[in-house]
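An overview of the molecular structure
The chain contents come next:
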Amino acid sequence: MEVEEAAGERAPASGGGGGSSGGDPDRLSALPDSLLHAIMSNLKARQAVQTCVLGRRWRHLWRSVPCLDVDHDEFRNTATSGPPNNHPAANHGFSDSDIDSYDSDEDNDNDINNNDREWEDFEDFAENLMHRCNIARLDSLRLRVSRDRAPRFADKQAGGWIRRAMKYCAPDPPRQHEGLNSGSWHLKRLYLCNVALDDRFTKHVSSVCQSLEELELEDCACEINAITSRSLKSLVLKNCRWGKLSEITSPTLKSLVISGGTNTDDNALVISAPAIAHLCLDLPLRFARRISVNQKPSTPRLF
């Protein structure tokens, strides 16, 4: 159900102020923000946004949720569920200039492929979510794009969302007692699926995500030469297509999984992780034989 429809049906029951009908107290809305955020963190991002229709108490809670799970699959059925401008990104205060209204001509709707409509809905939602939520304060961010149903440029577009968020989203004033710089995000866990990444991504991770402990990349197209971090504890790389990955360096890394994927045939991968306790290389022999572990890289790249 779209947000506009949900608001029309649920708003009377909420009494507009977070209470419930019949004079019964709304115990859920009476919970502190921290508990409501913990609950919302278990929802997909679209569901979390839709809680804004429950009443005034909920209107802006989703903007400060600590965990976001942005999943293309949430929009799998929206292409046939109603007018395309009824998705969350087009309602309830979303006014970013990136939003373009859809053509409302029903004759033109018949010419749009369901997958294209689905992607347009997801694209508008995801781009505006990046603007409207305080991304820099997140503890966890998951962004998953379905490779089977997305257009060919989707991975590059999703990579642009991440790059711009890391470049322009500003965190709160630094918490000096935690050793964070003024530009540091709070992010501890990052999962990306079918996102195109390049060396600008790794530079932003090193300079902005100084608290990042878990990084998982799945089915990503990566023009990345090196992955370096002073905070990573777990790194999972699944079925990624690498250009010339030559180095993984982290003094804190304890678990590394590389499963599937490809790398340039003549490129060697040096892993420098002295604290590593778990290493899983589930790779074709052609890839695995060019990997060496805990040998000092020729050119250190730690930032």
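That block above? That's the structure.
All of the points below concern the structure found in this document.

Each value, and the rule that gives it
- Residues numbered from 1 in each chain as written.
- Predicted model: local features only at pLDDT ≥ 70, side-chain atom pairs only at ≥ 80, totals over all residues.
- Heavy atoms only, no water.
- Salt bridge = Lys/Arg side-chain N within 4 Å of Asp/Glu carboxyl O.
- Helix = DSSP H or I, 4+ residues; strand = E, 2+ residues; numbered from the N terminus.
- Core = buried A, V, L, I, M, F, W, Y, C linked by side-chain atoms within 4.5 Å.
- Buried < 20%, exposed > 50% of the residue type's maximum accessible area, 1.4 Å probe, protein only.
- Contact = heavy atoms within 4.5 Å.
- Pairing = 2+ DSSP bridges.
- Phe/Tyr/Trp six-rings, centres within 6.5 Å; stacked < 30°, edge-to-face > 60°.
- Polar contact = N/O pair within 3.5 Å; in protein donor to acceptor, adjacent residues only side chain to side chain.
- Patch = residues over 30% accessible without salt bridge, like charges linked within 9 Å, V, L, I, M, F, W, Y side chains within 5 Å.
- Areas by Shrake-Rupley, 256 points an atom, 1.4 Å probe, with all protein chains shown as cover.
- Axes fitted to C-alpha atoms, helices over the stretch in contact; angles between N-to-C directions.
- Parallel < 35°, antiparallel > 145°, perpendicular 65-115°, else oblique.
- Nonpolar A, V, L, I, M, F, W, Y, C, P; charged D, E, K, R; others polar.

1. Quick look at the pattern of salt bridges
- Tallied over the entire structure, the rule returns 13 salt bridges.
- For D219, the salt bridge is made with R147, and the minimal N-O distance between the two is 3.1 Å. Taken together, the residues D219 in the loop between β5 (214-218) and β6 (221-223) and R147 in the loop between β2 (140-144) and α6 (154-168) connect sequence positions 72 residues apart.
- Here K238 ties to E216 by a salt bridge, and the two come within 3.8 Å at their closest N and O atoms. With K238 in strand β8 (residues 234-238) and E216 in strand β5, the pair connects residues that are 22 residues apart, well separated along the chain.
- Via salt bridges that share partners, K44, D69, D71, D73, E118, R142, R144 and R149 belong to a single interconnected network.

2. A short note on the nonpolar core
- Among the nonpolar cores identified, the biggest contains 67 residues, and L68, V70, L192, F201, L217 and I248 are the most heavily contacted of them.
- For L217, the contacting residues outside a window of four places in its chain are L192, L197, C222, V236, L237, K238, C240 and W242.

3. Details of the pairing of strand β3 (residues 189-193)
- Burial within β3 is extensive, with four of its five residues counted as buried.
- Looking at chain direction, β2 and β3 are connected through five bridges and run parallel. Looking at the pairing, L141 lines up with L190 of β3.
- Both β3 and β5 contribute to a ladder of five bridges, which runs parallel. Among the inter-strand pairings, R189 is bridged to a residue of β5, identified as E214.

4. Overview of the packing of aromatic side chains
- All told, the structure shown has six aromatic pairs when counted by the stated rule.
- Consider the rings of F75 and F125, whose centres lie 5.4 Å apart with planes at 50°: the pair is tilted. Separated by 50 residues along the polypeptide, F75 in the loop between β1 (67-71) and α4 (106-109) and F125 in helix α5 (residues 114-132) bring together distant segments of the chain. Here F75 matches F125 in class, with each residue buried.
- Taking the centre distance of 5.5 Å and the plane angle of 55° together, the rings of W119 and F122 count as tilted. Residue W119 and its partner F122 are both found in helix α5; the two are separated by three residues, about one turn of the helix.

5. Quick word on the side chain of D219
- When its relative accessible area of 16% is taken as the criterion, D219 is described as buried.
- Within polar-contact distance, the side chain of D219 engages the side chain of R147 at 3.1 Å.
- A polar contact of 2.9 Å, which involves the side chain of D219, links it to the side chain of R241.

6. Focus on helix α7 (residues 199-208)
- When α7 is considered as a whole, its buried residues turn out to be F201, T202, H204, V205, S206 and V208.
- Where α7 is buried, its residues touch α6, β3, β4 (196-198), β5 and β7 (226-228).

7. Topic: a nonpolar patch on the surface
- There is a patch of nonpolar side chains on the surface, built from L279, L281 and V293 and spanning about 200 Å² of accessible area.
- Residue placement: V293 occurs in strand β14 (residues 291-293).

8. Quick word on the packing of α5 against α6
- For the pair α5 and α6, interaxial distance at closest approach is 10 Å and the crossing angle is 10°. The angle between α5 and α6 falls in the class roughly parallel. Between α5 and α6, the residues in contact are W119, F122, E123, A126, E127 and M130 and A154, Q157, W161, I162, R164 and A165, respectively.
- Split into classes, the residues belonging to the contact of α5 with α6 amount to eight nonpolar, one polar and three charged.

By themselves, these are just geometric observations and shouldn't be taken as functional.
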